[in-house]
Amino acid sequence: MGNRLTKIYTKTGDDGSTGLGDGSRVSKDSARVAAYGTVDEANSAIGLILACEIPQDVRDLLVSVQHHLFDLGGELCIPGHAAIFDADIDHLEQQLDAFNADLPALKDFILPGGGMAASHCHLARTISRRAEREVVTLSRHDAVRPEAIRYLNRLSDLLFVLARVLARASGHGEVLWNHERRKS
């Protein structure tokens, strides 16, 4: 870490701007700030999952994901910086395949729920999807490495699978959408 923060507030953002990692200043409502802010929000949502009782293999994976999301936030905060790589995406895919292998095939849509940890996982999934959309928006007018978008896309898929795993592990089970409920 380059500079240690000794004072948390600087007042430099009181005009509605914020500093990027390269020293430039942008509006706090810029697409870049929205993108890395939403990545930070996804990271915080994963922290909620980690505050629950969850299996150790899921815990280890999510702690690793949190580190990658922090790296990704840095990549988005420093234009031209690279911090997420194909190997990171490959790792998510391997984990996704491993956790999904023991789950039954999906025959119905799943509603968010299934216990506290699974519910938090669904929330993290939807925030990750929003982060992906924000990064795509940023990519429309600024350079964004495709790995950033791919990582978030795979992460939301992984969080969906982990929500299923956690719902089953908790004993609550998955909450299935009842599409027949309106036919009576």
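The model shown is predicted, which means the values in this text are computed figures rather than measured ones. (Residues numbered from 1 in each chain as written. Predicted model: local features only at pLDDT ≥ 70, side-chain atom pairs only at ≥ 80, totals over all residues. Heavy atoms only, no water.)

Enquirer: So what's going on with the overall build of the chain? Which residues, and what values?
Expert: Tallying secondary structure elements over the chain gives five helices and four strands in all. Along the chain direction, N to C, the helices and strands of the chain fall in the order β-β-α-α-α-β-α-α-β. Principal-axis analysis of the C-alpha atoms gives the chain an extent of 55 × 40 × 30 Å. Within the chain, the proportion of its 184 residues that are buried is 40%. Across the chain, every contact between residues at least 6 apart in sequence was considered, and the portion connecting residues at least 24 apart equals 71%. (Helix = DSSP H or I, 4+ residues; strand = E, 2+ residues; numbered from the N terminus. Buried < 20%, exposed > 50% of the residue type's maximum accessible area, 1.4 Å probe, protein only. Contact = heavy atoms within 4.5 Å.)

Enquirer: Got a sec to walk through the nonpolar core? Specific residues and values, please.
Expert: By size, the foremost hydrophobic cluster in this structure holds 48 residues, and its most contacted members are Ile49, Ile54, Leu62, Leu69, Leu72 and Tyr151. By residue number, the principal contributor to this core is helix α5 (residues 146–170), which donates 12 residues. Residues in contact with Ile54, not counting those within four places in the same chain, are Ile49, Arg59, Leu62, Ala117 and Leu166. (Core = buried A, V, L, I, M, F, W, Y, C linked by side-chain atoms within 4.5 Å.)

Enquirer: Describe the environment of Val135, naming the residues involved and giving the relevant values.
Expert: Counting through the fold element by element, Val135 comes out in helix α4 (residues 116–139). The buried category is assigned to Val135, whose relative accessible area is 0%. On a C-alpha basis, the gap between Val135 and Ala35 in space is 5.2 Å, while along the polypeptide they are 100 residues apart. Setting aside anything within four residues of it in sequence, one finds Val135 in contact with Ala35, Leu76, Val144, Ala148, Ile149 and Leu152.

Enquirer: Explain the environment of Arg25 to me, and be specific about the residues and the numbers.
Expert: Following the sequence through the fold, Arg25 ends up in strand β2 (residues 25–27). Between the alpha carbons of Arg25 and Ile84 there is a distance of 24 Å; along the sequence they are 59 residues apart.

Enquirer: Requested: an account of the environment of Gly113, with residues and values cited.
Expert: Here Gly113 lies in the loop between β3 (110–111) and α4. Judged by relative accessible area, which is 11%, Gly113 ranks as buried. Gly113 sits 50 residues away from Ala163 along the chain, and the two C-alpha atoms are 8.4 Å apart.

Enquirer: Now, about the packing of helix α2 (residues 56–77) against α5: what can you tell me, with residues and values included?
Expert: Packed helices, taken two at a time, are described by the angle between their axes plus the distance between the axes. Where α2 meets α5, the axes come as close as 12 Å, and the angle between the chain directions of the two elements is 155 degrees. One element, α2, and the other, α5, form an angle in the roughly antiparallel class. Relative to α5, the crossing made by α2 is left-handed. Every residue of α5 that contacts α2 at Val58, Leu61, Leu62, Val65, His68, Leu69, Leu72 and Glu75 is listed here: Ala148, Tyr151, Leu152, Leu155, Leu158, Leu159, Leu162 and Leu166. Residue classes in the contact of α2 with α5 are distributed as 14 nonpolar, one polar and one charged. (Axes fitted to C-alpha atoms, helices over the stretch in contact; angles between N-to-C directions. Parallel < 35°, antiparallel > 145°, perpendicular 65-115°, else oblique. Left-handed = near helix turned anticlockwise from the far one by under 90°. Nonpolar A, V, L, I, M, F, W, Y, C, P; charged D, E, K, R; others polar.)

Enquirer: Mind laying out the packing of helix α1 (residues 31–50) against α4, listing which residues take part and the relevant values?
Expert: Running from amino to carboxyl end, α1 crosses α4 at an angle of 165 degrees, the nearest separation of the two axes being 8 Å. By the criterion of interaxial angle, the relationship of α1 to α4 is roughly antiparallel. In this structure, the crossing between α1 and α4 has a hand that is left-handed. Between α1 and α4, the contacting residues are Ala31, Arg32, Ala34, Ala35, Thr38, Val39, Glu41, Ala42, Ala45, Ile46, Leu48 and Ile49 on the first element and Ala117, His120, Cys121, Ala124, Ile127, Ser128, Arg130, Ala131, Glu134, Val135, Thr137 and Leu138 on the second.

Enquirer: Tell me what's going on with the pattern of salt bridges, and back it up with residues and numbers.
Expert: The tally for this structure, following the rule as stated, stands at 10 salt bridges. The residue Arg150 makes a salt bridge to Asp86 at a minimum N-O spacing of 2.9 Å. Residue Arg150 is found in helix α5, and its partner Asp86 is found in helix α3 (residues 86–101); the two are separated by 64 residues along the sequence. Between Glu132 and Arg129 there is a salt bridge, and its shortest N-O distance comes to 3.1 Å. (Salt bridge = Lys/Arg side-chain N within 4 Å of Asp/Glu carboxyl O.)

Enquirer: Kindly report on the state of the cysteines, identifying the contributing residues and their values.
Expert: The tally for this structure, following the rule as stated, stands at zero disulfides. In this structure Cys52 is a free cysteine whose sulfur lies 9.7 Å from that of Cys121, the closest cysteine sulfur available. With a relative accessible area of 13%, Cys52 lands in the buried category. (Disulfide = S-S within 2.5 Å.)

Honestly, it's all geometry; don't read function into it.
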